[in-house]
Every structure is written in structure tokens, then in C-alpha cells.
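Descriptive analysis of the structure
Next come the chains, spelled out residue by residue.
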Amino acid sequence: MSDLQNTDQPQLPGVVVTGASGRMGQMLVRLVLENPELRLVGALVRPGHDWIGQDIGMAMGGAAVGVIVSDDAVTAIAQAQAVIDFTTPEATLAFAELTAQARAVHVIGTTGLGPDHLAALAASARHAPIIRAGNMSLGVNLLVGLTRKVAAALGEDWDIEVVEAHHRHKVDAPSGTALMLGEAAAEGRGATLDDLRTPARDGITGPRAPGSIGFAAIRGGDVVGEHDVIFATSGERIVLRHLATDRAIFARGAIRAAIWGQDKGPGEYDMHDVLGL
Ligand SMILES: NC(=O)C1=CN([C@@H]2O[C@H](COP(=O)(O)OP(=O)(O)OC[C@H]3O[C@@H](n4cnc5c(N)ncnc54)[C@H](O)[C@@H]3O)[C@@H](O)[C@H]2O)C=CC1
Ligand SMILES: O=C(O)C1=N[C@H](C(=O)O)C[C@H](O)C1
């Protein structure tokens, strides 16, 4: 871990990482500290966390970096030019309001957001840029485009299923990535995912509805994230697959988004905008 990173360069955009003790939070803190284009100015954890008051570098088992862990989101976010947020839907909504007030870029990786959460985020995005994606990796965002194309090229006699696998700690299903892939497949068919999505199967489900899109979720061990889009018809199958083996791919995407967003106006953006796909 670098020592007192970029503190002599106050002109660099200041980043606050939320959920800094989490799996993604710690990865983000590490990679922001290594990035020559950004300064880490805040590390937020949930109220009551035992890292509060410690230097984030030391709390993570390394050298001091000059940023004290806090649960005071109001103060931390007020001094940020970007907030990188991989937490929970409820926490993300609260951070969105504060980030919009600070006119800073809010990069959101949090998944499991429902329609009410999305409506609240749209309101915050009227004041400052929000860049949100269920998966921030280059590979998955390319796969989204491929999925749309393949779905558009194949007729309804090709059944579409999205299968995902994640570690045992993941709390939402289907994953944000699986939903992105399902949405792309539905778009390829000129529809929305709400039109085509099959509810989770359990019990006597009856035969598959023609043209529907199904989801299956596997949870176990330390799987970082695996996604298959299966196109199946009589006599053949196409499988589009992405395997994540390192959370750094998501963190790199989020950091790229925080930098990209610095000269953008209010509005909602995604990784296709950031990556120019
Ligand atoms: N979009 C993407 O590329 C990716 C998205 N994710 C999503 O990011 C989220 C987090 O994933 P993980 O890091 O694996 O989970 P995690 O559970 O390890 O980390 C979440 C952290 O947020 C903290 N937190 C909760 N409420 C908070 C609050 N009010 N203030 C500050 N911190 C708070 C928790 O204490 C925890 O440390 C999930 O929704 C996951 O699906 C994960 C990886 C990639
Ligand atoms: O919770 C995770 O770990 C991940 N969540 C994202 C998702 O819901 O798709 C992205 C990645 O698959 C890891």
C-alpha cells in the first residue's frame, strides 16, 4: 500500500469509497491509492464498524495513507469530486442524495435495486452525474452487446436462459449482471425484460413458455462471478460465457468511470457510455 498517496496534488479529483471494509470496498481503496489520476479523500463504513477512527491503510493491514475511516457521510462526501459506491440499495440511496448535493460524480456498482430505488436515483441524477452498472468490467459490457446481437439474429425457436454463479455471501438474485444480460437479450427481440422474464422455477412449472427468458442462480464458496447466456434450439446450443476471477476488473471499471465522469453534466450514464461501446 502506498504511503500518504497524492496528498501533494490537491488538483486531482478527490474520491470517497463507501463500504470501504467490504469485498469491493477494500479492492477500490487499494486501486484508488495506486491511481495517479485520483486522490483518496474518504473511506466510509457502516455506523458502529470497528474500523471507525483508524487510518484506512492500517485498518486494511498496510501502512498509513492519511485517510481516517468514518461513518460521517455528510462531511466526507461534501469534499468529494467522486463517490464510488458498492454497498446496499438503502445505503446507495442515501449516498446518492449527498453526492448530488455535492455536485460530485456517483459511481454505483450496488445491485439488487428495485423500481423505487431506481426512481430515487433518477431524481438525484437531475443534479449531478450518476454512472451505474450491474457489472463494471469490460468483458461483461462487451458480452452485453454480443447477447443483444445474437438474440436479434435468432428466432423464438431459440430458447434463452441466463445462468449465473457467485460466492456464498451474495444476497441478491438474479445477479445485476444476469439482469443486464437478460435485458440485452430482450432488447434484441424488440421487447423488454419485464415482458419476457420467467419467474424462478420451482415445483410443477409446466413447459417453457415460447420466447421467454429464464434465469438460474448458483451460490457457493468463493466464486467471484460467472455468467452464461444459453441460446438453445432443437439439435444445437450457443453459450456466451464470462468468467470473473479477480474483483479488480470491477474496481478498474468503476475508477475509469469516476475519471470519465469528471466533465459530464447531470444525468444517468452506464459503462457503455464510459467505455464508448
Ligand atoms: N457492479 C459491479 O461491477 C459489481 C457489483 N457488486 C455489488 O456491490 C455490492 C457490494 O458487494 P460486496 O463488496 O461483495 O459486498 P460486501 O458485503 O463485502 O460489502 C458491502 C459493504 O457495504 C457496507 N455498508 C452497508 N451499509 C453501509 C452504510 N450505510 N454506510 C457505509 N457502508 C455500508 C457493509 O458494511 C459492507 O462492508 C453488492 O450489491 C454487489 O452485488 C459487486 C461486485 C461487482
Ligand atoms: O456480488 C458480487 O460479488 C457481484 N455482483 C455483481 C452482480 O450482481 O452481477 C457483479 C459481479 O458478478 C459480482
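Residues numbered from 1 in each chain as written. Chains lettered and ligands numbered in written order. Predicted model: local features only at pLDDT ≥ 70, side-chain atom pairs only at ≥ 80, totals over all residues. Heavy atoms only, no water.

Some words on the nonpolar core
The biggest cluster of nonpolar side chains holds 42 residues, and the ones touching the most others in it are Leu28, Ile56 and Ile84. Within the residue set of this core, elements represented by two or more residues are β1 (14-17), α1 (23-34), β2 (39-44), α2 (56-59), β4 (82-85), β5 (105-108), α9 (248-260) and α10 (271-275). Once residues lying within four places of it in the same chain are set aside, the contact partners of isoleucine 56 are Ala20, Val29, Leu40, Ala43, Trp51, Val65, Val67 and Val69. (Core = buried A, V, L, I, M, F, W, Y, C linked by side-chain atoms within 4.5 Å. Buried < 20%, exposed > 50% of the residue type's maximum accessible area, 1.4 Å probe, protein only. Helix = DSSP H or I, 4+ residues; strand = E, 2+ residues; numbered from the N terminus. Contact = heavy atoms within 4.5 Å.)

Focus: the site of ligand 1
What surrounds ligand 1 is a group of 22 residues, the closest being Arg23, Met24, Thr111, Met136 and Lys170. Separating an oxygen atom of ligand 1 from a backbone N or O atom of glycine 22 is a distance of 3.4 Å. The side chain of lysine 170 places a nitrogen or oxygen atom 2.9 Å from an oxygen atom of ligand 1. When the free accessible area of ligand 1 is taken as 860 Å², the share hidden by the protein chains comes to 80%. Partitioned by chemical class, the residues of the shell around ligand 1 number eight nonpolar, 10 polar and four charged. (Near = heavy atom within 4 Å. Polar contact = N/O pair within 3.5 Å; in protein donor to acceptor, adjacent residues only side chain to side chain. Areas by Shrake-Rupley, 256 points an atom, 1.4 Å probe, with all protein chains shown as cover. Nonpolar A, V, L, I, M, F, W, Y, C, P; charged D, E, K, R; others polar.)

A closer look at the UniProt feature "active site" (unreviewed entry) in the protein chain
As recorded in UniProt, the sites labelled "active site" (unreviewed entry) are His166 and Lys170. Assignment of secondary structure puts histidine 166 in strand β7 (residues 159-166). What makes histidine 166 buried here is its relative accessible area of 7%. Those residues within four positions of histidine 166 in sequence are excluded, and the remaining contacts are Ser175, Ile218, Arg219, Gly220, Val223, Val224, Gly225 and His227. In this structure the side chain of histidine 166 is engaged in a polar contact, spanning 2.8 Å, whose partner is the side chain of glutamate 164. (UniProt positions renumbered as here; feature names shortened; annotations may be inferred.)

Some thoughts on a nonpolar patch on the surface
Taken together, Leu138, Leu142 and Leu277 make up a surface patch of nonpolar side chains, about 280 Å² in accessible area. With respect to the helices, strands and loops of the structure, leucine 138 is situated in helix α6 (residues 138-153). Taking relative accessible area as the criterion, leucine 138 reaches 48% and is therefore assigned partly exposed. (Patch = residues over 30% accessible without salt bridge, like charges linked within 9 Å, V, L, I, M, F, W, Y side chains within 5 Å. Salt bridge = Lys/Arg side-chain N within 4 Å of Asp/Glu carboxyl O.)

Some thoughts on the sheet that holds strand β6 (residues 129-132)
On the basis of which strands lie adjacent, the open sheet formed by seven strands has the order β3-β2-β1-β4-β5-β6-β11 and parallel pairing. Strands with a single pairing partner mark the edges of an open sheet, and in this sheet they are β3 (69-70) and β11 (267-269). One ladder, built from three bridges, connects β6 with β11; its direction is parallel. Across the sheet, the residue bridging to isoleucine 130 is glutamate 268, located in β11. Contacting β5, β6 and β11, helix α5 (residues 115-124) runs over the sheet at an angle of about 145 degrees to β6. (Pairing = 2+ DSSP bridges. Axes fitted to C-alpha atoms, helices over the stretch in contact; angles between N-to-C directions.)

Some details on the site of ligand 2
Near ligand 2 the following residues occur: Thr111, Gly134, Asn135, His166, His167, Lys170, Ser175, Gly176, Thr177, Val224, His227 and Phe250. At a separation of 2.6 Å, an oxygen atom of ligand 2 approaches a polar side-chain atom of histidine 166. One of the side-chain N or O atoms of histidine 167 is found 2.8 Å from an oxygen atom in ligand 2. When isolated, ligand 2 has an accessible area of 320 Å², and the protein chains bury 85% of it. Across the shell around ligand 2, the residue classes tally to two nonpolar, nine polar and one charged.

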